[in-house]
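Descriptive analysis of the structure
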Amino acid sequence: MSTLRVGLRCDAGPRRGVGHLVRCLALAEEFLARGADVTVFGTVERLDWATAELAARGIPLLPGPDSAAELVEVARRHQLDVLVLDSYELDPAGAGALRAAGVYTLAIIDGDSRGQVADLYLDQNFGADLPGPGTAAELPGLGAGVGLPGRLLAGSGYALLRDTVISARPPVAPPATAVSRPRVLAFFGGTDAVGAAPVLTRVLVATGHPMDLTVIVGRPEIEAEVEDVTPGRGQIIRPVPPTTSLPALITEADLVVSAAGTSTWELCCLGAPSALVCVVDNQRESYTRVVRHGLAAGLGELSELTAGGVAGRAARTTAARTLHGLLSSPQRRAALAARAWSTVDGQGRARVVDAVFDAVRAAAVPG
């Protein structure tokens with residue numbers, strides 16, 4: 001088979017966050033390792049570190065087409081064999097148009113196909129492969145015999161992780177380690193689009209437990225808010241900008257506090273004892289499953305933690321109590337780490353690319 005030409009369509013920025021780009025970057029790394037030619041199509045706004053990540057891998061970043069006609073035109077102009085679509089904003093008709101034009105189409109979804117007619121669907125969220133109300137397995141048009149021709153790859157066994165995460169995965173789940181001042185890492189996506197860092201910094205301080213807290217601040221205004229938080233006795237707060245060393249910071253931390261987005265699978269793969277907050281609506285289902293199965297502790301929804309009045313105070317008090325329990329119990333942290341580590345093995349992207357190559361090879365065989 002000649003060199004496979006692969007395009008990945010995604011966007012990233014202060015409003016959109018970086019989750020779509022990060023998981024596309026993981027797929028791009030795997031395609032490159034298999035000898036494919038890879039191009040990313042989309043907009044990356046005010047994220048120098050992200051564009052540097054693409055440039056370091058020799059991956060071109062070109063403007064992203066939006067409409068179905070534009071997607072087909074770009075696929076033809078660049079002679080793409082495969083186009084990966086990872087967006088909540090693209091015209092859903094684009095997948096079907098690409099497929100009709102002979103371009104193998106992979107749609108990355110999070111529980112909602114948005115009516116896309118793709119060759120292959122990927123829902124990497126934990127439990128997406130399990131039957132039950134609202135799961136991807138029950139989405140109209142997903143899977144054989146329910147209306148769409150595409151195959152569904154579902155569950156955390158297909159989690160898309162970058163080289164830096166896979167290489168940092170420990171050989172075994174981290175053991176229980178007693179420390180008087182735990183190292184805590186807090187981060188909420190590449191841009192913290194919803195401003196979660198200051199809120200959770202205040203909740204962590206309210207635990208009253210000694211800690212060495214590193215907070216990733218995605219924007220200057222977030223940094224200013226975090227710096228306004230006064231630490232308690234035995235507490236240190238250290239705001240730092242987004243960094244390519246995040247996997248190392250995760251593995252060095254005794255506890256990670258994060259949003260329940262795509263970074264959840266990185267935390268699981270690295271065996272990080274974690275406490276998650278649901279920051280946007282489309283994280284709710286995955287957040288609920290992950291917490292229910294004990295892969296991470298749950299701190300509730302950001303809207304609850306920022307609410308005023310009695311309800312808001314109660315939500316913050318409950319979250320602080322959960323965090324204090326984790327900070328004071330190495331056994332509790334180790335139990336979370338063990339379950340998380342055993343759930344995501346870091347081979348998800350290889351399984352996805354295997355499926356793409358198998359399908360493309362099968363389509364190339366006459367008859």
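See the structure printed just above.
Below you will find a few notes about this structure. (Residues numbered from 1 in each chain as written. Predicted model: local features only at pLDDT ≥ 70, side-chain atom pairs only at ≥ 80, totals over all residues. Heavy atoms only, no water.)

1. Regarding the overall build of the protein
As a reminder of what qualifies: Helix and strand assignments come from DSSP, with helices taken as H or I runs of at least 4 residues and strands as E runs of at least 2, each series counted from the N terminus. This radius of gyration counts C-alpha atoms alone. The globule rule is 2.2 Å times how many residues there are, raised to the power 0.38. Only protein chains enter the accessibility calculation, which uses a 1.4 Å probe. A residue is then buried if its area is under 20% of the maximum for its type, exposed if over 50%, and partly exposed in between. In what follows, a contact means two residues having at least one pair of non-hydrogen atoms within 4.5 Å. Calculation of accessible area relied on Shrake-Rupley with a 1.4 Å probe; when residues are assessed, cover is drawn exclusively from the protein chains displayed. Neither His nor the chain termini are counted; the positive set is Lys and Arg, and the negative set is Asp and Glu. The atom standing in for a charge is NZ when the residue is Lys, CZ when it is Arg, CG when it is Asp and CD when it is Glu.
Within the protein, the regular secondary structure consists of 14 helices and 13 strands. Against the compact-globule benchmark of 21 Å for 367 residues, the protein has a radius of gyration of 21 Å, which places it among compact chains. In terms of principal-axis extent, the alpha carbons of the protein reach across some 70 × 40 × 40 Å. Looking at the 367 residues of the protein, the share that counts as buried comes to 55%. Counting contacts in the protein only where the partners sit at least 6 residues apart, residues at least 24 apart contribute 68% of the total. Total accessible area on the protein is roughly 15,000 Å²; 53% of this is exposed by carbon and sulfur atoms. One way to put it: in the protein the 33 positive side-chain charges average out to a point 5 Å from where the 38 negative ones average out.

2. What to know about the pairing of strand β9 (residues 211–216)
Formally: For two strands to count as paired, DSSP must find a minimum of two bridges between them. Seen with the strands pointing away from the viewer, any crossover whose path from the first strand over the helix to the second strand runs clockwise is right-handed.
A large share of β9 lies buried, amounting to six of its six residues. Both faces of β9 are covered, namely the face carrying Met211, Leu213 and Val215 and the face carrying Asp212, Thr214 and Ile216. As paired elements, strand β8 (residues 183–187) and β9 share four bridges and run parallel to each other. Considered in β9, the bridge of leucine 185 is made with threonine 214. Handedness of the β8-helix α6 (residues 196–206)-β9 crossover: right-handed.

3. What to know about the side chain of glutamate 301
For clarity, the cut-off: In protein, a polar contact means a hydrogen-donor-capable atom and an acceptor-capable atom, both N or O and within 3.5 Å, with residues adjacent in sequence counting only if both atoms are side-chain atoms; elsewhere, any N or O pair within 3.5 Å suffices.
Its location among the elements puts glutamate 301 in strand β13 (residues 297–301). A distance of 2.7 Å separates a polar atom in the side chain of glutamate 301 from a polar atom in the side chain of arginine 284. For glutamate 301, the residues in contact, after removing those within four places along its chain, are Val277, Cys278 and Arg284.

4. Here we look at the sheet that holds strand β5 (residues 104–108)
The strands that make up a sheet are held in pairs by hydrogen bonds between backbone atoms, and each pair lies either parallel or antiparallel. Formally: Here an axis means a line fitted to C-alpha atoms, over the contact stretch when the element is a helix, while the angle between two N-to-C directions is reported on a 0 to 180 degree scale.
Sheet architecture is open: seven strands sit in the order β3-β2-β1-β4-β5-β6-β7, paired in parallel fashion. Only two strands of the sheet have a single partner each, and these edge strands are β3 (61–62) and β7 (151–154). In the sheet, strand β2 (residues 37–41) pairs with β3 via two bridges, with the strands oriented parallel. Among the inter-strand pairings, phenylalanine 41 is bridged to a residue of β3, identified as leucine 62. Against the sheet, helix α1 (residues 19–33) makes contact with β1 (5–9), β2, β4 (82–85) and β5, and its axis sits at roughly 175 degrees relative to β1, the strand it touches most.

5. Points about the pattern of salt bridges
So the rule is basically this: When a carboxyl oxygen of Asp or Glu lies within 4 Å of a side-chain nitrogen of Lys or Arg, that pair is called a salt bridge.
A full pass over the atoms with the stated rule returns 22 salt bridges. For glutamate 73, the salt bridge identified is with arginine 77, shortest N-O distance 2.5 Å. Taken together, the residues span about one helical turn, with glutamate 73 and arginine 77 both in helix α3 (residues 68–77) at a distance of four residues. The class of glutamate 73 is partly exposed, set by a relative accessible area of 39%. Classification of arginine 77 as exposed rests on a relative accessible area of 52%. Sharing partners across several salt bridges, the network here consists of Glu29, Glu30, Arg34, Glu53, Arg57, Asp163, Arg349 and Asp354.

6. What to know about the nonpolar core
In a soluble, globular protein the nonpolar side chains are often hidden away together inside. Threshold: To qualify as a nonpolar core, a set must consist of buried Ala, Val, Leu, Ile, Met, Phe, Trp, Tyr and Cys residues joined through side-chain atoms within 4.5 Å.
Counting residues in hydrophobic clusters, the biggest one holds 38 residues, and the most contacted among them are Leu8, Leu27 and Phe31. Of all the secondary-structure elements, those providing two or more residues to this core are β1, α1, β2, α2 (48–56), β4, β5, β6 (120–123) and α14 (348–364). The biggest single contributor to this core is α1, with eight residues. In terms of nonpolar packing, the next biggest core, distinct from the first, is built from 35 residues, Ile222, Leu302, Ala319 and Leu336 among them.

7. Regarding the state of the cysteines
Put simply, the rule reads: Two cysteine sulfur atoms make up a disulfide if the distance between them is within 2.5 Å.
Enumeration over the complete set of coordinates arrives at zero disulfides. Between cysteine 10, a free cysteine, and cysteine 24, which holds the nearest cysteine sulfur, the sulfur-to-sulfur gap is 3.9 Å. For cysteine 10, a relative accessible area of 1% corresponds to the buried category. Of all cysteine sulfurs, the one in cysteine 268 lies closest to cysteine 269, which takes part in no disulfide; the gap is 8.7 Å.

8. Looking at helix α13 (residues 330–343)
Formally: One fewer than the residue count of a helix, multiplied by 1.5 Å, yields its expected span. It is the directions from the helix axis to the C-beta atoms whose arc is reported.
The end-to-end C-alpha distance of α13 is 20 Å, a good match for the 20 Å that 14 residues give at a rise of 1.5 Å each. Looking at α13, one finds that the buried residues are Pro330, Arg333, Ala334, Leu336, Ala337, Ala340 and Trp341. Buried positions in α13, seen along its axis, are confined to an arc of 160 degrees and lie on one side of it. Those residues of α13 that are exposed and aimed more than 90 degrees away from the buried face are Gln331 and Ser342. Against β11 (255–259), α9 (263–269), β12 (274–278), β13 and α12 (309–327) lie the buried residues of α13.

9. Details of unusual backbone geometry
A positive phi angle, near 55 degrees, is found at glutamine 79, a position not held by glycine. Tracing the sequence through the fold places glutamine 79 in the loop between α3 and β4. Unusually for a residue other than glycine, arginine 114 sits at a positive phi of about 55 degrees. Here arginine 114 shows up in the loop between β5 and β6.

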